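Residue-level structural notes
Given next are the chains, with one letter for each unit.
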Amino acid sequence: MDLFPFLVTQCANAFSQAALLFFLGVGLTLIFGIMRIVNFAHGSFYMLGAFIGYTVAHVTGSFWLGLLLSPVLAGLIGTSFEMGLLRRLYRRDTSAFLMVTFGLTLVMGEAIRLLWGVQGLQLPLPSMLAGIVFLFDEPFPVYRLFLIAAGAVLAVAIWQFLERTRLGLLIRATSQNAEMVHALGVDVNLVRSGIFGMGCGLAAFGGVLAAPLVTASLGMAANAIVDSFVIVIIGGMGSFPGSLCAAVLVAFVQVFGTYYFPDFAIAAMYLLMLLVLAIRPGGLLGQEA
Amino acid sequence: MAKGSDVSRRRLIQSTAAVAVVSTLPQYARAAGSIKIGMPLPLTGPVAGVGAQMRRACEFWAKQVNAKGGLLGRPVEFIISDTEGNPATAVRKAQEMVERNGVRILTGIAVSSEALATVPRLAEWDTIFVSGDNGDGRLTAEALVPNFFRPNVSGPMGTRAVALHLRDSPMKKLFGLGMDYAWGHNSMEVFEAECKRAGKNFAGAVFSPTGTKDFSTYITRIRQSGAEGVYLVLSGDDNAAFLSQAKQYRLGEKVQLLTELIDQMTINGTGDATVGLIGGSRYPYTLDNPVNKAFVAAWQAEYRTPPDMFEGDQYQSCVVLQAGIEKAGSIEAAKLRAALEGLEVDSIKGRVVMRACDHQGEQQGFVIKIVKREGMAHPVPEVIATYPADRVTPPCNKMVYDN
């Protein structure tokens, strides 16, 4: 393989991986930005998304319906969890959130095992995404190009949503000063519930899109939560553009790091995180130090 | 007010604890006579699927044994706990079982690095560990301890079967991808040695960390190596993820995929991505012998699916353990060890001999090819070669083969 096709292929690999990491990180960072809580169950919603997506796609025969319905269902589950349980904890310190959301990961893991079993499940791709294209004579899956496109579209959509819509304005205001927003007559609790559900839905969206690569399996949650924390910490807690930059950065370090230093495949991501934290303790685009 | 609620809560906790103790007492009394077998195994994490198979095999065996009045007139009971595939956790869970539950026999510890961490403690615990799936060759070579037994196929044995098959293949140049822990490295070493012996060009290997999700870079490496075949030492979620992505990159069109092991769970989970794969199998359920046919029939009556690869291998280990206990008339480590050494069992895979010199079970080796069959929902493994025990089992205390 010549250098140029190799670089193109590797960059395309890295961007497709960045898209998956972005779906994971952005939901967690939105939740953190608004609520100042760390949702330990984020990886479980990612996994749940993959399993629901599988079932919907299997029953209806449509991958797209799975991709659409799974985030909606996971978002509703997330919202009801926030309304039923988390809302009671806002007056407590953050360790309460950690414990409750960690407990939720255990419950969800067991529930998924009981409902879907231990076997990994394959989410078949629609034929229009199952093919390959040739990048300078090197075969590359169409599905990975689709992931890159989906990541870009989602990033623009969230950005426009936060900047241009009234709800986006409320979200930004709540993240800056929740009490003031409350005093101005906005139901802050509703904003919180909504954003928690949205974060969970985004995780589920990422889960459905990851399923054709890794199969929907019980091991999905454990790695996902670590990856998403790393994205959020590198990008800056609560920063949306930060999570985008972090996802791209981590993906490139992983893809090229694994190629040139295969023995340090796991360490590369953490070394990057240490480096960023040493230079900018608040993360790339984080505000607080 | 605050104080009052505190007291009542404490009282509540106390009374709950008291109720819990009282309600478990009769259970303990009843279970005192049972043979307790400790099974620390991964129920969560990337190898949870393997752990689930091993657990089901043990439960199936226990049910069979208990239906016939148990072992030595005592019922068999499994103590199960999750290790997450983590060696430190596995040792801690095993120790708890030994010290708290009075366990004298262990099985189930699925990951080789877990087993390597556990075996040095067996003498101190005075406990026998009968492996159900541990692959690392060192467990019956340099890391062998007197209380460890391996009735299952080891990594070197699986690799050897594939390597023997490769000797007749026109492929000249081979590459490797293994999981980055004990088993992956160990099997790859054996494969490299076997390649060289067969006069093939081994172009190198890469190792992916357990739990790797994105295999694109590894696929690039394999493609760049220019090899005609790639040998995979992957299991669990990693195996499924690699095979799914390899198919998306059409890797199989350029490179023959070879694997140390592939189970039906992975085949079903990855759709057609496994078709054409050639590999070792520790237990293909289609084996044609009366013991296996009876086992498969009983299994299908219970679960309505054929037994999977790790289920068959773990079940064989249970049967070997059963024969050992019956021969020893005891579960004491010293007596059981003496009984297991040299034990011969007619198992589902044919004759298994637990040789005394390194506690490895001598048995046949199988090479399979994944094919699509009419009327079957999923691709199935078809046995394409069988090698006798003396060709796949390494010399005593070794991981490399003489010929």
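Model, not experiment: these values are computed from the prediction.

What about the overall build of chain B?
A count of helical and extended segments in chain B gives 15 helices and 15 strands. For chain B, whose C-alpha radius of gyration is 22 Å, the value lies close to the compact-globule estimate of 22 Å for 403 residues. Here chain B holds 403 residues, and 55% of them are scored as buried. Taking all contacts inside chain B whose residues are at least 6 apart in sequence as the whole, residues at least 24 apart take part in 70%.

Focus on the overall build of chain A
What chain A contains, in helices and strands, is 11 helices and two strands. Scanning chain A from its N terminus toward the C terminus, one meets helices and strands in the order α-α-α-α-β-β-α-α-α-α-α-α-α. Taking 2.2 N^0.38 as the reference for a compact globule, 289 residues should give roughly 19 Å; the C-alpha atoms of chain A span a radius of gyration of 19 Å, in line with that estimate. Within chain A, the fraction of its 289 residues that count as buried is 50%. Here the analysis covers contacts within chain A between residues at least 6 apart in sequence; of these, 75% occur between residues at least 24 apart.

What about the nonpolar core?
One finds Ala-204 and Val-250 of chain A together with Val-230 of chain B to be the most contacted residues of the largest nonpolar core, which totals 199 residues. Shared between two domains, this core takes at least three residues from each, and those domains are domain 1 (31-153 + 287-362) and domain 2 (156-281 + 366-392) of chain B. Look past the residues within four positions of Val-250 of chain A in its chain and what remains in contact with it is Leu-21, Val-230, Ile-231, Ile-234, Met-269 and Leu-272 of chain A.

Focus on the packing of helix 9 (residues 220-235) of chain A against helix 10 (residues 240-260) of chain A
Residue and element names in this part refer to chain A. As a packed pair, helix 9 and helix 10 sit with axes 8 Å apart at the nearest point and diverge in direction by 120°. The two elements helix 9 and helix 10 cross, and the hand of that crossing is right-handed. Between helix 9 and helix 10, the contacting residues are Val-230, Ile-231, Val-232, Ile-234 and Gly-235 on the first element and Gly-242, Ser-243, Cys-245, Ala-246, Ala-247, Leu-249 and Val-250 on the second. Among the residues making up the contact of helix 9 with helix 10, the classes are represented as nine nonpolar, three polar and no charged.

What about the interface of chain A and chain B?
At the interface, 31 residues of chain A touch 32 residues of chain B. Breaking the side of chain A that touches chain B down by element, the ones donating at least two residues are helix 1 (3-35), strand 2 (138-141), helix 8 (188-214), helix 9 and helix 10 of chain A. Looking at which element gives the most residues to the side of chain A that touches chain B, the answer is helix 1 of chain A, with four residues.

Here we look at the packing of helix 9 of chain A against helix 11 (residues 267-279) of chain A
Residues and elements named next belong to chain A. As a packed pair, helix 9 and helix 11 sit with axes 9 Å apart at the nearest point and diverge in direction by 25°. One way to sum up the angle between helix 9 and helix 11 is to call them roughly parallel. By crossing handedness, the relation of helix 9 to helix 11 is classed as left-handed. Together, Val-230, Ile-233 and Ile-234 of helix 9 and Met-269, Leu-272, Met-273 and Val-276 of helix 11 make up the contact between the two elements. For the contact of helix 9 with helix 11, the class distribution of residues is seven nonpolar, no polar and no charged.

What about the domain arrangement of chain B?
Residue and element names in this part refer to chain B. Assigned domains within chain B: domain 1 (31-153 + 287-362) and domain 2 (156-281 + 366-392). Here the C-alpha centroids of domain 1 and domain 2 sit 26 Å apart. In this complex, domain 1 contributes 17 residues to the contact, which on the side of domain 2 involves 21 residues. Looking at the side of domain 1 that touches domain 2, the elements with two or more residues in it are helix 2 (48-67), helix 4 (112-118) and helix 13 (309-328).

Details of the sheet that holds strand 15 (residues 380-387) of chain B
Residues and elements named next belong to chain B. Strand order in the open sheet formed by seven strands is 7-6-8-9-10-14-15, with mixed pairing between adjacent strands. The outermost strands of the open sheet, each flanked by one partner alone, are strand 7 (201-208) and strand 15. On average, adjacent strands in this sheet sit at an angle of 25° to one another, irrespective of strand direction.

Structural notes on helix 2 (residues 42-60) of chain A
Residue and element names in this part refer to chain A. Over its 19 residues, helix 2 runs 27 Å from end to end, which matches the ideal 27 Å to within 8%, given 1.5 Å per residue. With 15 of its 19 residues buried, helix 2 lies for the most part within the structure. Just downstream of helix 2, Gly-61 is the residue with a positive phi angle, here 75°.

Notes on the pairing of strand 11 (residues 344-347) of chain B
Residue and element names in this part refer to chain B. Here strand 11 shows a clear split, with Val-345 and Ser-347 buried on one side and none of Glu-344 and Asp-346 buried on the other. As judged from the four bridges shared by strand 11 and strand 12 (residues 350-354), these two strands associate in the antiparallel manner. Of the residues in strand 12, the one forming a bridge with Glu-344 is Val-353. The antiparallel hairpin formed by strand 11 and strand 12 contains two residues in its connecting segment.

What about the confidence of the model for chain B?
Residues and elements named next belong to chain B. With 92% of its residues at a pLDDT of 70 or more, chain B shows a mean pLDDT of 88. Below a pLDDT of 50 lies the segment residues 1-7, which in the model reaches zero contacts outside its immediate sequence neighbourhood of four places, other chains included. For this predicted complex, the interface confidence reaches an ipTM of 0.89, while the overall pTM sits at 0.84.

What counts, and where the lines are drawn
Residues numbered from 1 in each chain as written. Chains lettered and ligands numbered in written order. Predicted model: local features only at pLDDT ≥ 70, side-chain atom pairs only at ≥ 80, totals over all residues. Helix = DSSP H or I, 4+ residues; strand = E, 2+ residues; numbered from the N terminus. Rg over C-alpha atoms; globule rule 2.2 N^0.38 Å. Buried ≥ 20, exposed ≤ 12 C-beta atoms within 10 Å, placed from the backbone. Contact = placed C-beta atoms within 7 Å. Core = buried A, V, L, I, M, F, W, Y, C linked by C-beta atoms within 7 Å. Domains from an automatic or database assignment. Axes fitted to C-alpha atoms, helices over the stretch in contact; angles between N-to-C directions. Left-handed = near helix turned anticlockwise from the far one by under 90°. Nonpolar A, V, L, I, M, F, W, Y, C, P; charged D, E, K, R; others polar. Parallel < 35°, antiparallel > 145°, perpendicular 65-115°, else oblique. Pairing = 2+ DSSP bridges. Expected span 1.5 Å × (residues − 1). pLDDT = per-residue confidence, 0-100.

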